[in-house]
Amino acid sequence: MKTKSVLLFSSVLMILAISSMSFNFAGWRSLGTKTVNYRVDHDVLDVQLRDGRFQQLRFVVRGGDLNMHKCVVHFENGGQQEIELRHNFDKRSASRVVDLKGNNRIIERISFWYDTQNSANNKARLTVFGK
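Counting of residues starts from 1 at the beginning of each chain's written sequence and follows it residue by residue. Only residues with pLDDT of at least 70 get local features here, since the model is predicted, and only at 80 or more are side-chain atom pairs given and counted; chain-wide, interface and lining totals rely on the full set of residues. To get the side-chain values, take all heavy atoms of the structure and skip hydrogens and water.

A. Local environment of the pairing of strand S3 (residues 56–62). Judged by how many residues are buried, S3 sits mostly within the fold: six of seven residues are covered. Between any two strands, pairing holds if DSSP finds at least two bridges. Segments assigned H or I by DSSP are reported as helices when at least four residues long, segments assigned E as strands when at least two residues long, and all are numbered from the N terminus. Across two bridges, S3 lies against strand S8 (residues 98–99) in antiparallel orientation. Bridged to Leu 57 within S8 is Val 98. As defined by bridge partners, S3 adjoins strand S10 (residues 125–130) across six bridges and the pair is classed as antiparallel. Across the sheet, the residue bridging to Phe 59 is Val 128, located in S10. Looking at chain direction, S3 and strand S7 (residues 92–94) are connected through three bridges and run antiparallel. Opposite Arg 62, over in S7, you have Arg 92 as the bridge partner. Burial classes follow relative accessibility: with a 1.4 Å probe on protein chains only, a residue under 20% of its type's maximum area counts as buried, one over 50% as exposed, and anything between as partly exposed.

Structure representation (structure tokens):
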């Protein structure tokens, strides 16, 4: 019985924390999440949503710190856009809203280069949202 109470209390706290975030998720769709390693690295987030065209992106980091160096969005038509996103994200932060050039665009993948310096050994999770 005590375990159920703890789980219920934890769930309520999580809901309150999500609702108090400054980033309003209404109208945004998750394009995917990557858990990043502890070093300078390059990762690719393959976007599986082919039913949506996006005009804006937002990058959200949870769990650990992440220092973003470069980000390139690759579109289904073969075009690409480099995003100036040099930013040190802490473990509970989000980027500014990034406008994509051109009309509504179908995103195939997002490449990003980063490093992490995390003394707490918590891996950062980067989630990209599109609107």
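B. Molecular detail of the nonpolar core. Membership of the largest hydrophobic core comes to 26 residues, with the highest contact counts inside it found for Leu 31, Leu 57, Phe 59, Ile 107 and Ile 110. Residue assignment for this core shows that the elements contributing at least two residues are S3, strand S4 (66–75), strand S9 (107–115) and S10. Among the elements that make up this core, the one with the highest residue count is S4 (five residues). In what follows, a contact means two residues having at least one pair of non-hydrogen atoms within 4.5 Å. What Ile 110 contacts, discounting residues up to four positions off in sequence, is Leu 31, Asp 43, Val 44, Leu 45, Val 47, Leu 57, Phe 59, Cys 71, Val 72, Val 73 and Val 128. Nonpolar cores were defined as sets of buried Ala, Val, Leu, Ile, Met, Phe, Trp, Tyr and Cys residues, with membership established by side-chain atoms within 4.5 Å.

C. Spotlight on the pattern of salt bridges. Here a salt bridge means any side-chain nitrogen of Lys or Arg lying within 4 Å of a carboxyl oxygen belonging to Asp or Glu. For the structure shown, the criterion picks out one salt bridge. Salt-bridge contacts for Glu 108 lead to Arg 109; the nearest nitrogen and oxygen are separated by 2.7 Å. Assessed through its relative accessible area of 27%, Glu 108 is described here as partly exposed. Residue Arg 109 is classed as partly exposed on the basis of its relative accessible area, which comes to 28%.

D. How the structure looks around the packing of aromatic side chains. Only rings of Phe, Tyr and Trp enter the pairing, Trp through its six-membered ring, and a pair is recorded when the two centres are within 6.5 Å. The plane angle decides the type: under 30 degrees is stacked, over 60 is edge-to-face, the rest tilted. Counting across every chain of the model gives one aromatic pair. Taken together, a centroid distance of 5.7 Å and an interplanar angle of 35° make the contact between Phe 112 and Tyr 114 tilted. Exposure remark for Tyr 114: the relative accessible area of 0% places this residue in the buried category. For a lysine, the NZ atom is tested; for an arginine, the CZ atom; a charge sits over a ring if that atom is within 6 Å of the ring centre and within 35 degrees of the ring normal. One Lys or Arg, Lys 70, reaches over the ring of Trp 113 and ends 4.9 Å from the middle of that ring.

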